[in-house]
Structures are given as structure tokens and as C-alpha cells.
There are 2 protein chains.
Amino acid sequence: MIRINRRTDYAVRVMLALARHAGEGRLSTQQIQDQMLVPRAFLQRIIADLSRQKLIKTYTGPNGGLELTRSVETFNLREIYEAIEGPLLISDCLEAAGVCPLDKGCPVRPRWACLQALMARELEAITLAELVADADKIGQFQTR
Amino acid sequence: MIRINRRTDYAVRVMLALARHAGEGRLSTQQIQDQMLVPRAFLQRIIADLSRQKLIKTYTGPNGGLELTRSVETFNLREIYEAIEGPLLISDCLEAAGVCPLDKGCPVRPRWACLQALMARELEAITLAELVADADKIGQFQTR
DNA sequence: TGGATTGTTTACTGATTTGGTAAAGAATTC
DNA sequence: GAATTCTTTACCAAATCAGTAAACAATCCA
């Protein structure tokens, strides 16, 4: 099935919350949980993934919390997607030569490859900065 | 995960086999199985789906078999995808209003909607006729 | 009519993914 | 050393995926 899973969706919300708070210090998991309506234990693991992939920097202890590792404009949806779900790969046939029994002779494979490239480009084109701008327009996700 | 599943991939192969045989009578499940390297019992169910969605017409009995219901140019990848996996829906948030707790206020949802529309357009743009042309070029899937 | 041939339907299985919970552990601050 | 915050691991139920098996129904032909 071609479906973006909920973990990725939540990850985008986390990044968005941090982006809207950029320059104003750290945000804790607790604060994000309240803002973004994501179950705590689940959220913790998503945050750990984002941290492991170096999209965010985390600090333990009182006054700990999270912050983005780079400026808001430099993040895009593809990066967030891949931090959670791994490399974008819309068909097993594209993984490596020899996986598909039809392999090189398959007329369908180049089409999947093309579609995948298109999606990758499209996801890359959507930056976190744009999402912040949209969110500001809508007026949701207000932190104060 | 954003991944086209194997059933859809097989369905495309079935349609391709039928397309290449168009105008030359029916093709049996057995023949397609041999050509396309798909396990029999699995293939039968995929064919039943294609039949149920009226992409192919089937006939029982000796000299039975399958054929396309329309001309080759009128089929596209989206149609085949949806016959097997149901309507294209890349995020649960797009399914219906109210599914997402953030709902209307979500800045991410319009982006998913846009991405989904793009994919739909792209899948529609690839016709079975084009795949046949590609297959002819490559020289694979020869039936004689 | 009855057997051979071909598609249809349904039930089942094991492996993997998904969405989520829980808790022990480690780092940091005060 | 206690409180706070992130990290890691183990676990769970439900859904999906890939595939198997077999009973069943329709059709053709002798």
C-alpha cells in the first residue's frame, strides 16, 4: 500500500513544533505532547529516531528538551520521512539488481523508478519553513 | 511505508501479457503463469480481482481464458493499482474530515493532498500501450 | 451425460509491519 | 542525592502481505 504512516506524520508535527519555537530555547517532549496530541510513549520513540538521524539535538535533565540542529529552511519533508521510514523505495524491484526475476528485461521497473524520483523531488521541495508559514496563516499550533 | 505491493506488480504483468496478446484470442492463467513467473494460487486471486473490477473478461471451460475488456490504450497504471489495492490514499488524514484530531487546522494535510494528486496524475499518464511499446523495445515477455 | 478444462471463492498460514504501552536506565541540573 | 528529562528495550494486539490449498462452478466436447 502506498501510505505515509502515522509515525512519519507525527514526526512532521514534532519538527513543526520545534520550528515554530526556534530561537526561543528548547521544547520538552511533554510540551510537544500537549501541543501535538501524540501519545507519550510513542512520541518518545519518534523523537529518539529524529535524534539518532541528527535532525534534532536533545538534552537531558531539568531544562532539557529538544531543538533543531539546523535552520528551519534547510529541512524538507523527504528528510523527515527518511529519518523515520528509511530510504524512499516505492518498489522492491528498485532495491537492487537481481531482486526481480524479470530484472533488466522488465518494462515496468523504469516507470516505478521515474515515479519514485518524482516523489523524492516533490518531498524535497516542501521545506519546514513553508510548513511554518502555512501554520502561521492557519493560526493553529499556537504555542502562546 | 510508501511501497507498491507485489500483488499490484503481478497485476501489471498480467495486464501486460494480455495486452501483448490482444487480438490473438484468449490467454489462460496457466500461460500467464509460465510467462510471468508468478505462483499459481496467488495469480488466480489477482486475476479474480482484475475480473471483478472489470479490467478483464474471463471464460471458463476448455478454450477459456482471459482477455482485456477494452483497447490497450485505454488502461493506465492508476486503474490497475486501484483494482488491486483500492483507491489511492497516501495518508489516513485525507480519508475523511474528522479523522485527524488537528483536522482543518493542519498545515501538513494540504501538502499530502497535493502529493497524492501528483501521484494519481502520474500513474494515469502511464498507459498499458506505452508499457507494451517498452516491452517490445526491450524484447522481453516474448510469447512466441 | 460425464469427464476434462478452466476460472471463482473461501479458508487458512506464517512473517512482517503498524500503532501503541511500559518500564528500567542514563544523563543532567540543582 | 533527588528531581527531571531523554534513551533503550521488551512487549503486545491488530492489520497487512505473500502465499497455499481445496472445494466449487461454468463450459466444452466426445
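The structure displayed is predicted, hence computed values, not measured ones. (Residues numbered from 1 in each chain as written. Chains lettered and ligands numbered in written order. Predicted model: local features only at pLDDT ≥ 70, side-chain atom pairs only at ≥ 80, totals over all residues. Heavy atoms only, no water.)

Some words on helix α5 (residues 109-125) of chain B
Taking 1.5 Å of rise per residue, the 17 residues of α5(B) would be expected to cover 24 Å, and the 24 Å separating its terminal C-alpha atoms lies within 8% of that figure. Here the buried face of α5(B) lies against α1 (6-20), α4 (77-85), α5 (109-125) and α6 (128-138) of chain A together with α4 (77-85) of chain B. (Helix = DSSP H or I, 4+ residues; strand = E, 2+ residues; numbered from the N terminus. Expected span 1.5 Å × (residues − 1). Contact = heavy atoms within 4.5 Å.)

Some details on the protein's contact with DNA strand D
Around DNA strand D sit 27 residues in total, of which A:Met1, A:Thr29, A:Thr58, A:Gly65 and B:Arg45 are the nearest. Atoms of DNA strand D within 4 Å of the protein: sugar and phosphate make up 67%, bases the balance. Backbone polar atom of A:Gly61 to a sugar or linking oxygen of DNA strand D: 3.2 Å apart, as the coordinates give it. Contact distances for DNA strand D include 3.4 Å between a phosphate oxygen and a side-chain N or O atom of B:Tyr10. (Near = heavy atom within 4 Å. Polar contact = N/O pair within 3.5 Å; in protein donor to acceptor, adjacent residues only side chain to side chain.)

Examining the relation of the copies chain A and chain B
Between chain A and chain B, the superposition needs a rotation of 180° and an axial shift of 0.0 Å, giving an RMSD of 0.0 Å. Taken together, the rotation and translation describe the operation of a two-fold axis. In terms of proximity to the rotation axis, the leading residue of chain A is A:Ile2, whose C-alpha is 2.1 Å off the axis. Interface overlap between copies is the fraction of interface residues in one copy that are interface residues in the other; for chain A against chain B it reaches 100%, indicating a shared surface. (Least-squares fit on C-alpha atoms with pLDDT ≥ 70 in both.)

Comments concerning the pairing of strand β2 (residues 65-68) of chain B
Residues and elements named next belong to chain B. One ladder, built from four bridges, connects strand β1 (residues 56-59) with β2; its direction is antiparallel. Bridge assignment links Tyr-59 to a residue of β2, and that residue is Gly-65. Count of turn residues in the β1/β2 antiparallel hairpin: five residues, of which Gly-61 carries a positive phi of about 85°. (Pairing = 2+ DSSP bridges.)

Some words on the interface of chain A and chain B
In this assembly, 43 residues from chain A lie in contact with 43 residues from chain B. For the chain A and chain B pair, buried surface summed over both sides reaches about 4300 Å², with 67% attributable to carbon and sulfur atoms. For the interface between chain A and chain B, the tally reads 16 residue pairs in polar contact (both at pLDDT 80 or more). Residue assignment for the side of chain A that touches chain B shows that the elements contributing at least two residues are α1, α4, α5 and α6 of chain A. The element contributing the most residues to the side of chain A that touches chain B is α5(A), with seven residues. For the side of chain A that touches chain B, the residue count by class is 28 nonpolar, four polar and 11 charged. (Buried area = accessible area lost by both parts, 1.4 Å probe. Nonpolar A, V, L, I, M, F, W, Y, C, P; charged D, E, K, R; others polar.)

Let's talk about the protein's contact with DNA strand C
The environment of DNA strand C is formed by 27 residues, the closest being A:Phe42, A:Arg45, B:Met1, B:Thr29 and B:Thr58. The protein-proximal atoms of DNA strand C, defined as those within 4 Å of the protein, are 66% sugar or phosphate. With respect to DNA strand C, the side chain of A:Tyr10 contributes an N or O atom lying 3.4 Å from a phosphate oxygen. For DNA strand C, a phosphate oxygen lies 3.5 Å from a polar atom in the side chain of B:Arg52. It is helix α3 (residues 40-52) of chain B that contributes the most residues to the surface near DNA strand C, five residues altogether. Counted by class, the surface near DNA strand C contains 10 nonpolar, 12 polar and five charged residues.

Functional significance is not addressed by these values, which are geometric in nature.
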